[in-house]
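# Coordinate inspection notes
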Amino acid sequence: MLSRLLSGNIDIIEVLVYVLSSLAVIFLTLPIHEFAHAFVADKLGDPTPRYQRRLTLNPMAHIDYFGALCVLLFGFGWAKPVQVNAYNFKKPKFGMAMVALAGPISNLILAFLSLACCKVIDTVVPINPFILGIPEYLYMFFAGIAQINVYLAVFNLIPVPPLDGSRILGIILPSKTYFKIMQYERYIYYGLMLLLFTDVLDIPLFYASQSVLGLFSNILGL
């Protein structure tokens, strides 16, 4: 979005709809994503999120302001990570993987529901692409929410720390190898941010996200 704004290849209506979609993601999607982590951790026996008051849908308990700004500018971002103590799980590696998976799954569910809203709009109010009106804006709004949610899910499933995919990868890798990788989590994080801000990951993330959106659209008949 930022690059398109700078190039002037976007109209003001599209900007406003995108901003509203992004705000919905910041105040709804990201809190649900973190709540999903906290909920699964709590159900698997770790009370840490509950003690830290993260077992809530209140956006103010989860928002990271820099991560929220990235959602607005780049279409991806993050909230405050939910802290989990793996030693409270009966099977620590499995428990961590399930907690990690809960976040991206919540994003995919929200994306599917958003596209379902697009389907309702498309069915009940036929859209004329040459006439702007409330149905078109609503369609763009929900489509924007779906797109950002899918992007967040795909991004978080990248199997590198500190993303959710790295915890899922822990089930596959031997413990010694996994914990060796995690020792370099901070440096890997900086490298990941560099790749993101230099657009190196744009193409693979775009195609992966479009594949998921295409699958959901086919299921819904969009």
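Residues numbered from 1 in each chain as written. Predicted model: local features only at pLDDT ≥ 70, side-chain atom pairs only at ≥ 80, totals over all residues. Heavy atoms only, no water.

### Some remarks on the overall build of the protein chain
Assigned secondary structure in the protein chain consists of 10 helices and zero strands. Secondary structure of the protein chain in N-to-C order comes out as α-α-α-α-α-α-α-α-α-α. Computed over its C-alpha atoms, the radius of gyration of the protein chain comes to 18 Å, within 12% of the 17 Å expected for a compact globule of 222 residues. Across its three principal directions, the C-alpha atoms of the protein chain cover 60 × 35 × 35 Å. Taking all 222 residues of the protein chain together, 41% fall into the buried category. Contacts spanning at least 24 positions in sequence make up 69% of the contacts within the protein chain whose residues lie at least 6 apart. (Helix = DSSP H or I, 4+ residues; strand = E, 2+ residues; numbered from the N terminus. Rg over C-alpha atoms; globule rule 2.2 N^0.38 Å. Buried < 20%, exposed > 50% of the residue type's maximum accessible area, 1.4 Å probe, protein only. Contact = heavy atoms within 4.5 Å.)

### Side note on a nonpolar patch on the surface
A cluster of nonpolar side chains, contributed by V19, L20, L23, F27, M60 and Y65, occupies part of the molecular surface with about 590 Å² of accessible area. At four residues, the largest contribution of residues to the nonpolar patch is made by helix α2 (residues 12-43). Along the chain, V19 falls in helix α2. Owing to a relative accessible area of 31%, V19 belongs among the partly exposed residues under this scheme. (Patch = residues over 30% accessible without salt bridge, like charges linked within 9 Å, V, L, I, M, F, W, Y side chains within 5 Å. Areas by Shrake-Rupley, 256 points an atom, 1.4 Å probe, with all protein chains shown as cover. Salt bridge = Lys/Arg side-chain N within 4 Å of Asp/Glu carboxyl O.)

### A short note on the packing of aromatic side chains
If you walk through the whole model with that rule in mind, you get five aromatic pairs. Relative to Y207, the ring of F206 has its centre 5.4 Å away and its plane inclined at 75°; by these criteria the two rings are edge-to-face. Accessibility expressed as a relative area gives 42% for F206, which makes it partly exposed. Overall, Y207 belongs to the exposed group, its relative accessible area being 55%. (Phe/Tyr/Trp six-rings, centres within 6.5 Å; stacked < 30°, edge-to-face > 60°.)

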